[in-house]
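Next come the chains, spelled out residue by residue.
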Amino acid sequence: MQGPLQTPSALCIAAVLAFAVPQIAAINVPLTSNLALRGGAFTRKTFDLGSALQDHVQVMKSIPKIFDSYAGPNKLDAKVSESVMLAVNSVNACPYCTSLHGELGRMAGLEDKVDQINTAKDGRALKKVAKDPEVAYARKFGECNGRGAALEDQYSALVKAVGPGKAAAVNAQCWFLHWGSTCGNTLLSFWKGRLLGNSKCGSNLLFEVAFALYYTPCYLAIDLPTNVIEGEGILIWARRLCDPRPGRRERERRSAARGHTSSPRAGARSVSSLVPW
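Residues numbered from 1 in each chain as written. Predicted model: local features only at pLDDT ≥ 70, side-chain atom pairs only at ≥ 80, totals over all residues. Heavy atoms only, no water.

Assigned secondary structure in the chain consists of twelve helices and zero strands. Written out in order from the N terminus, the α and β elements of the chain read α-α-α-α-α-α-α-α-α-α-α-α. Every one of the 277 residues in the chain was classed for burial, and the buried ones make up 45%. Here the analysis covers contacts within the chain between residues at least 6 apart in sequence; of these, 68% occur between residues at least 24 apart. (Helix = DSSP H or I, 4+ residues; strand = E, 2+ residues; numbered from the N terminus. Buried < 20%, exposed > 50% of the residue type's maximum accessible area, 1.4 Å probe, protein only. Contact = heavy atoms within 4.5 Å.)

In a regular helix each residue adds 1.5 Å, so 14 residues correspond to 20 Å; helix H4 (residues 95–108) covers 19 Å between its end C-alpha atoms and thus fits that length. In terms of burial, H4 is a largely internal element, 14 of the 14 residues being buried. Taken from the residues just after H4, Gly109 is the one with a positive phi, measuring 105 degrees. (Expected span 1.5 Å × (residues − 1).)

Inspection of every chain in the model, using the stated rule, returns seven salt bridges. One salt bridge connects Glu103 with Arg106, and the closest N-O pair in it is separated by 3.9 Å. Of the two residues, Glu103 and Arg106 both sit in helix H4, three residues apart, roughly one turn of that helix. In this pair, the class of Glu103 matches that of Arg106, namely buried. Notably, a salt bridge pairs Arg106 with Asp115, separated by 3.4 Å at the nearest N-O pair. Residue Asp115 is classed as partly exposed on the basis of its relative accessible area, which comes to 25%. Sharing partners across several salt bridges, the network here consists of Glu103, Arg106 and Asp115. (Salt bridge = Lys/Arg side-chain N within 4 Å of Asp/Glu carboxyl O.)

Judged by side-chain charge, Lys79, Lys113, Lys127 and Lys131 come together as a positively charged surface patch. The residue Lys127 is located in helix H6 (residues 123–129) in this model. (Patch = residues over 30% accessible without salt bridge, like charges linked within 9 Å, V, L, I, M, F, W, Y side chains within 5 Å. Areas by Shrake-Rupley, 256 points an atom, 1.4 Å probe, with all protein chains shown as cover. Lys, Arg positive; Asp, Glu negative; His and termini not counted. Charge placed at Lys NZ, Arg CZ, Asp CG, Glu CD.)

So, on to the confidence of the model for the chain. The predicted model of the chain averages 76 in pLDDT, with 65% of residues at 70 or higher. Here residues 1–41 is modelled with pLDDT under 50, and outside its nearest four sequence neighbours on either side it reaches 59 contacts, counting other chains as well. In this model residues 233–239 is a low-confidence stretch, pLDDT under 50, and it forms six contacts with partners more than four residues away in sequence or in other chains. (pLDDT = per-residue confidence, 0-100.)

All right, on to a nonpolar patch on the surface then. Side chains of Met60, Ile63 and Phe67 sit close together on the surface and give an oily, nonpolar patch of about 330 Å² of accessible area. Following the sequence through the fold, Phe67 ends up in helix H2 (residues 49–71).

For the structure shown, the criterion picks out twelve aromatic pairs. Between the aromatic rings of Tyr96 and Tyr219, the centroid separation amounts to 5.1 Å while the plane-to-plane angle is 70 degrees, which identifies the pairing as edge-to-face. Here Tyr96 is found in helix H4, whereas its partner Tyr219 is found in helix H10 (residues 205–230), with 123 residues between them in sequence. By relative accessible area, Tyr96 is classed as buried at 6%. With relative accessibility at 1%, the residue Tyr219 sits in the buried group. Ring geometry for Phe176 versus Trp179: centroids 6.0 Å apart, planes at 10 degrees, classification stacked. Within this pair, Phe176 and its partner Trp179 are both found in helix H9 (residues 164–191), separated by three residues, close to a single helical turn. Across the pair, exposure class does not vary: Phe176 and Trp179 are buried alike. Within the aromatic cluster, the residues linked to one another by ring pairs are Phe47, Tyr96, Phe176, Trp179, Phe207, Phe211, Tyr214, Tyr215 and Tyr219. (Phe/Tyr/Trp six-rings, centres within 6.5 Å; stacked < 30°, edge-to-face > 60°.)

Right under this line is the structure:
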């Protein structure tokens with residue numbers, strides 16, 4: 001009797017995937033960064049079909065190292081891990097990632113450094129806040145979209161600083177955040193652009209609709225627990241669905257009421273057991 005993976009159809013699918021995945025990964029499709037909406041309302045990095053396929057394949061290839069970076073022999077310190085995420089997002093500027101990793105970063109003990117890392121204008125400004133080589137590499141990763149000779153030079157420096165295992169773990173986390181943040185921006189460009197009659201220049205309607213149908217439930221599921229972590233209610237979460245922003249205004253209001261400039265937590269909790277985005 002043939003097993004489920006030995007049937008002709010399964011073997012054909014496996015053969016097609018074995019051929020297609022390396023071919024897609026080898027395509028050098030530039031990421032459509034800063035693809036502006038008519039009227040200039042949206043200028044963050046977004047996917048088109050080619051870059052989405054390419055980066056999704058790369059993220060799938062990075063999954064073993066992503067797990068390694070959280071629970072394997074090359075597990076990263078929680079502060080370093082969240083600093084890496086925020087450093088990539090300092091370039092990609094995804095509000096979903098700002099909200100989630102801002103809270104996870106505070107839980108890891110970064111406190112005031114969260115906003116400083118996430119809003120750093122360049123690598124020099126970032127280095128004043130976080131001097132870790134992992135964070136410097138993450139910023140360069142975001143600037144280079146995970147590719148290029150300049151990033152390879154930075155990776156070589158990272159290997160010398162932390163070793164090949166840790167360097168590969170950092171690179172995997174960078175791919176994870178880069179993929180997640182560009183997905184979030186692509187969704188926002190649909191919900192706050194296409195549906196408001198301000199579609200992206202050069203955008204493809206079928207791709208945008210398919211992307212939104214697939215990923216919107218996932219990102220709504222991310223935003224809800226983030227608001228629970230921030231201490232905000234379901235009604236606030238529902239109101240922010242089409243305008244996802246970090247709960248910074250609420251934190252500032254609470255901090256001002258206490259006479260603080262930040263919102264310190266009583267005892268930083270480890271985030272190593274949480275699944276990041």
